[in-house]
Amino acid sequence: MAKQENQDDPLHKARSTALRLLARREHSRLELSLKLRQRRIETPVIESVLDEYEQEGWLDDSRFADVYARQRMDLGYGPLRILSELQQRGVNVAPDCLQEVTEQGWRERAVALRERRYGLADLQKDWDEKVRQARFLTRRGFSAGQVEWALEARGHED
């Protein structure tokens, strides 16, 4: 009987659902709030549970941002895309790991991504291929300067 009463209690449902979601991976406050709303939990209950979890240290937007940004950097995404995705998830502050990478570091990452995907062939005479690679790097979130730098990079044999 007690188990049924707990399942009917919205506060218990919100706590257990949030904890299960956080056990799988880090979430931003906005993400967790949206997932709890999808489960038809009332907003005041959600806010109280999320406040409680933030105080406990189980929910932390800055920790989420750092973990998320590092994962995206490892997958070859640039700073513009990572910041945009963080904003979509309710985080409006750039994590330290993004700020630690210098402009030269982002250029090198763009070159490495281009080399891995297309090689470092000379593109001066192949305008269509240069545009295709530039679009790819831009979609990945690199700035115009970083993309230009990567497109000018040549292979080791030159």
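Keep in mind that what you see is a predicted model, and the values were worked out from it rather than measured. (Residues numbered from 1 in each chain as written. Predicted model: local features only at pLDDT ≥ 70, side-chain atom pairs only at ≥ 80, totals over all residues. Heavy atoms only, no water.)

1. Describing the overall build of the protein
- The number of helices and strands found in the protein is 10 helices and 0 strands.
- Reading the protein from its N terminus to its C terminus gives the helix and strand order α-α-α-α-α-α-α-α-α-α.
- Whereas a compact globule of 158 residues would reach a radius of gyration of roughly 15 Å, the protein reaches 22 Å, over 25% beyond that.
- Taking the principal axes of its C-alpha atoms as reference, the protein extends roughly 75 × 30 × 20 Å.
- Counting across all 158 residues of the protein, residues that qualify as buried make up 37%.
- Residue pairs at least 24 apart in sequence account for 62% of intrachain contacts in the protein once pairs closer than 6 positions are excluded.
- For the protein, the computed accessible surface area is about 10000 Å², with 48% contributed by carbon and sulfur atoms.
- Charge separation in the protein, taken as the distance between the mean sites of 28 positive and 29 negative side-chain charges, equals 6 Å. (Helix = DSSP H or I, 4+ residues; strand = E, 2+ residues; numbered from the N terminus. Rg over C-alpha atoms; globule rule 2.2 N^0.38 Å. Buried < 20%, exposed > 50% of the residue type's maximum accessible area, 1.4 Å probe, protein only. Contact = heavy atoms within 4.5 Å. Areas by Shrake-Rupley, 256 points an atom, 1.4 Å probe, with all protein chains shown as cover. Lys, Arg positive; Asp, Glu negative; His and termini not counted. Charge placed at Lys NZ, Arg CZ, Asp CG, Glu CD.)

2. Structural notes on the pattern of salt bridges
- The final tally for this structure, using the stated rule, is 13 salt bridges.
- In this structure, Arg70 engages Asp66 in a salt bridge whose closest nitrogen and oxygen atoms are separated by 3.0 Å. Remark: Asp66 and Arg70 occur in helix α5 (residues 61-74); sequence separation between them is 4 residues, near one turn of the helix.
- Asp66 gets classed as partly exposed once you look at its relative accessible area, which sits at 22%. (Salt bridge = Lys/Arg side-chain N within 4 Å of Asp/Glu carboxyl O.)

3. Description of a positive patch on the surface
- Taken together, the side chains of Lys13, Arg20, Arg24, Arg39 and Arg40 define a basic patch exposed on the protein surface.
- Take Arg20: it is sitting in helix α2 (residues 10-24). (Patch = residues over 30% accessible without salt bridge, like charges linked within 9 Å, V, L, I, M, F, W, Y side chains within 5 Å.)

4. Regarding the packing of aromatic side chains
- Within the structure shown, the criterion is met by 4 aromatic pairs.
- An angle of 65° between the planes, with centres 6.5 Å apart, marks the rings of Trp106 and Phe142 as edge-to-face. Taken together, the residues Trp106 in helix α8 (residues 103-118) and Phe142 in the loop between α9 (127-139) and α10 (144-152) connect sequence positions 36 residues apart.
- The buried category is assigned to Trp106, whose relative accessible area is 4%.
- For the cation-ring pair, Arg72 lies above Tyr77, with the distance from its terminal atom to the ring centre recorded as 4.0 Å. (Phe/Tyr/Trp six-rings, centres within 6.5 Å; stacked < 30°, edge-to-face > 60°. Lys NZ or Arg CZ within 6 Å of the ring centre and 35° of its normal.)

5. Here's the deal with the packing of α5 against helix α6 (residues 79-88)
- Taken N-terminus to C-terminus, the directions of α5 and α6 make an angle of 145°; their axes are 10 Å apart at the nearest point. By crossing handedness, the relation of α5 to α6 is classed as right-handed. Contact residues: Phe64, Ala65, Tyr68, Ala69, Arg72 and Met73 in α5; Arg81, Ile82, Glu85 and Leu86 in α6.
- When the residues that make up the contact of α5 with α6 are grouped by side-chain class, the tally is 7 nonpolar, no polar and 3 charged. (Axes fitted to C-alpha atoms, helices over the stretch in contact; angles between N-to-C directions. Left-handed = near helix turned anticlockwise from the far one by under 90°. Nonpolar A, V, L, I, M, F, W, Y, C, P; charged D, E, K, R; others polar.)

6. As for the side chain of Glu129
- Considering the arrangement of structural elements, one finds Glu129 in helix α9.
- The exposure class assigned to Glu129 is buried, which follows from its relative accessible area of 18%.
- Among the polar contacts made by the side chain of Glu129, one reaches the side chain of Arg132 at a distance of 3.0 Å.
- Leave out the neighbours within four places in its chain, and Glu129 touches Tyr118 and Leu123. (Polar contact = N/O pair within 3.5 Å; in protein donor to acceptor, adjacent residues only side chain to side chain.)

7. Focus: the packing of α8 against α9
- Two elements in contact, α8 and α9, have axes whose closest approach is 11 Å; the angle formed by their N-to-C orientations is 125°. The orientation of α8 relative to α9 falls into the category oblique. Seen from above, α8 lies across α9 with right-handed handedness. For the pair α8 and α9, contact is made by Ala110, Leu113, Arg114, Arg117 and Tyr118 and by Glu129, Arg132, Gln133, Phe136 and Leu137, respectively.
- Considered class by class, the residues forming the contact of α8 with α9 number 5 nonpolar, 1 polar and 4 charged. (Parallel < 35°, antiparallel > 145°, perpendicular 65-115°, else oblique.)

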